[in-house]
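A structural walkthrough
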Amino acid sequence: MTQTSDIVRPARELIEGLREIGAATVAGTLGHMGFRNPHIVGPVAQNPGKAIVGPALTLQFLPQRPDLFSEGEYADPETQLHRHVLYHVQEGDVVVVDARADMSSGVFGDMMSTYFKGRGGAGIIIDGCMRDRPNVTRLDLPLWLRGWTPNYHVQTSIYPNAVNVPIACGGVTVMPGDIIVADDDGAVVVPVTMAKAVIEEAQKHHEWEVFSRMKLLEGAPLQRYYPLHPDAEGEYQAWRAAHPK
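Since we're looking at a predicted model, the values are computed, not measured.

**Remarks on the environment of D127**
- Inspection of the secondary structure puts D127 in the loop between strand 5 (123-126) and strand 6 (129-130).
- Residue contacts for D127: discarding those within four places in its chain leaves V41, P43, V97, A99, R100, A101, D102, R146, C169 and G170.
- One polar contact links the side chain of D127 to the main-chain amide nitrogen of G170, over a distance of 3.2 Å.

Next up, the structure:
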């Protein structure tokens, strides 16, 4: 019987703290902390307006090799590891898949996606494709993909090799349990050990941006208000005192 490991999920307050921050601000904050590119490059939002934050369940695909993989989509479904990553899904989890940017393999389709939604999954990110687009679209799931294909997951050149292991997705290392922040800008990977610092730093950035956005809409000088110039700090603090949270 195939056995796969679950993940260690981060503290709920970290998830909720990051939920208040957009992917762009998270990526920029991590960039200033030395994580130059936390953005999963390639997968893009399939249903604009969705935003998710949740821990990563990971699925790794490898190129097919006859001595390691024998085709047979329904011969023994329980050997299919793309099913097993879904067995681990808890409410709010995000499935992240390294499908090697393959454009001819549909990692999940209608039935798997329906099961994922029924288990309360937050969203799916695939460096590759899904299938059954008409039916999957009706599920209204938050999805970040490279595209769609009519092919099933092992029909052409890749196969699922491991669940909840470190993967490379869109050029970014994703550890099982890392926190995913995704919106229309894309999907960003936040190491759990960095989440608290990201929340604290991004919150400061967010607060002065609200003030600066207001001033820029009034036609105020960009040089003074973005980024916030030290000369404008007193003005910002006075505005902040007059507009408490």
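Back to the write-up after that little detour.
**Comments concerning the pattern of salt bridges**
- Inspection of the entire model under this criterion finds 14 salt bridges.
- Residue K204 pairs with E201 through a salt bridge whose shortest N-O separation is 3.7 Å. Here K204 pairs with E201, and both are found in helix 6 (residues 192-217), just three residues apart, close to one helical turn.
- Classification of E201 as partly exposed rests on a relative accessible area of 40%.
- A salt bridge links E235 to K215; its shortest N-O distance comes to 3.3 Å. Within this pair, whereas E235 is found in helix 8 (residues 233-242), its partner K215 is found in helix 6, the two being separated by 20 residues in sequence.
- On the basis of relative accessible area, K215 is assigned to the buried category, the value being 15%.
- Beyond isolated ion pairs, a larger network of salt bridges with shared partners links K215, E218, R224 and E235.

**Comments concerning the pairing of strand 13 (residues 186-190)**
- Counting buried residues along strand 13, five of its five residues qualify, which places the element largely inside the surrounding structure.
- Summarising the sheet, strand 1 (residues 39-40) and strand 13 pair through two bridges and their orientation is antiparallel. Of the residues in strand 13, the one forming a bridge with I40 is A187.

**Topic: the packing of helix 1 (residues 12-19) against helix 6**
- Following both chains from N to C, one finds helix 1 and helix 6 inclined at 45°, their axes separated by 10 Å at the closest point. It follows from the interaxial angle that helix 1 and helix 6 lie oblique. Judged by the sense of rotation from one axis to the other, the crossing of helix 1 with helix 6 is left-handed. Facing helix 1, whose interface residues are E13, L14, G17 and L18, helix 6 presents V192, A195, K196, V198 and I199.
- Its residues placed into classes, the contact of helix 1 with helix 6 shows six nonpolar, one polar and two charged.

**Concerning unusual backbone geometry**
- A cis geometry characterises the amide bond from Y226 onward to P227, with omega recorded as -10°.
- Even without being glycine, D140 reaches a positive phi, approximately 60°.
- When you line up the elements, D140 lands in the loop between helix 5 (133-139) and strand 7 (143-145).
- In this model, N164 sits at a positive phi of 55°, which is unusual for a non-glycine residue.
- With respect to the helices and strands, the residue N164 is situated in the loop between strand 9 (158-163) and strand 10 (167-169).

**Some thoughts on the packing of aromatic side chains**
- The final tally for this structure, using the stated rule, is seven aromatic pairs.
- Geometrically, the ring pair formed by Y87 and Y115 is edge-to-face, given 6.3 Å between the ring centres and 90° between the ring planes. Here Y87, found in helix 3 (residues 81-87), pairs with Y115, found in helix 4 (residues 110-118); they are 28 residues apart in sequence, far enough to count as distant.
- Residue class for Y115 comes out partly exposed when judged on its relative accessible area of 32%.
- Between F211 and W239, the aromatic rings sit 5.4 Å apart at their centres with planes inclined by 50°, giving tilted as the arrangement. You can see F211 sitting in helix 6 and its partner W239 sitting in helix 8, a full 28 residues away along the chain.
- Judged by relative accessible area, F211 falls into the buried class, the value being 1%.
- One aromatic cluster in this structure is built from F211, Y225, Y236 and W239.

About the thresholds
- All chains use their own residue numbering, which begins from 1 and follows the written sequence.
- Owing to the predicted nature of the model, reporting of local features is limited to residues with pLDDT of at least 70; listing and counting of side-chain atom pairs is limited to 80 or more, with chain, interface and lining totals taken over all residues.
- The basis for every side-chain value is the complete set of non-hydrogen atoms in the structure, without hydrogens or water.
- Here a helix means four or more residues in a row that DSSP labels H or I, a strand means two or more in a row labelled E, and each is numbered from the N terminus.
- We call two residues in contact when some of their heavy atoms are within 4.5 Å.
- Distance and chemistry together define a polar contact, namely a pair of N or O atoms within 3.5 Å, with one atom able to donate a hydrogen and the other to accept it when in protein, and with adjacent residues in sequence counting only for side-chain atoms on both sides.
- Here a salt bridge means any side-chain nitrogen of Lys or Arg lying within 4 Å of a carboxyl oxygen belonging to Asp or Glu.
- A simple rule labels every residue: compare its accessible area, found with a 1.4 Å probe on the protein chains alone, to the largest value its type can have, and call it buried under 20%, exposed over 50%, or partly exposed in between.
- Here the rule is simple: two strands pair whenever DSSP picks up at least two bridges between them.
- Every axis corresponds to a line fitted to the C-alpha atoms, with the helix fit spanning only the stretch in contact, and the corresponding angles, defined between N-to-C directions, vary from 0 to 180 degrees.
- Orientation is classified from the angle alone, with under 35 degrees giving roughly parallel, over 145 giving roughly antiparallel, 65 to 115 giving roughly perpendicular, and any other angle giving oblique.
- Note: crossing handedness is left-handed where the near helix turns anticlockwise from the far helix by less than a right angle, and right-handed where it turns clockwise.
- Each residue is assigned to one of three groups, with Ala, Val, Leu, Ile, Met, Phe, Trp, Tyr, Cys and Pro labelled nonpolar, Asp, Glu, Lys and Arg labelled charged, and all others, Gly among them, labelled polar.
- Pairing of aromatic side chains here covers Phe, Tyr and the six-membered ring of Trp, requires ring centres within 6.5 Å, and sorts the geometry by plane angle: under 30 degrees stacked, over 60 edge-to-face, intermediate tilted.

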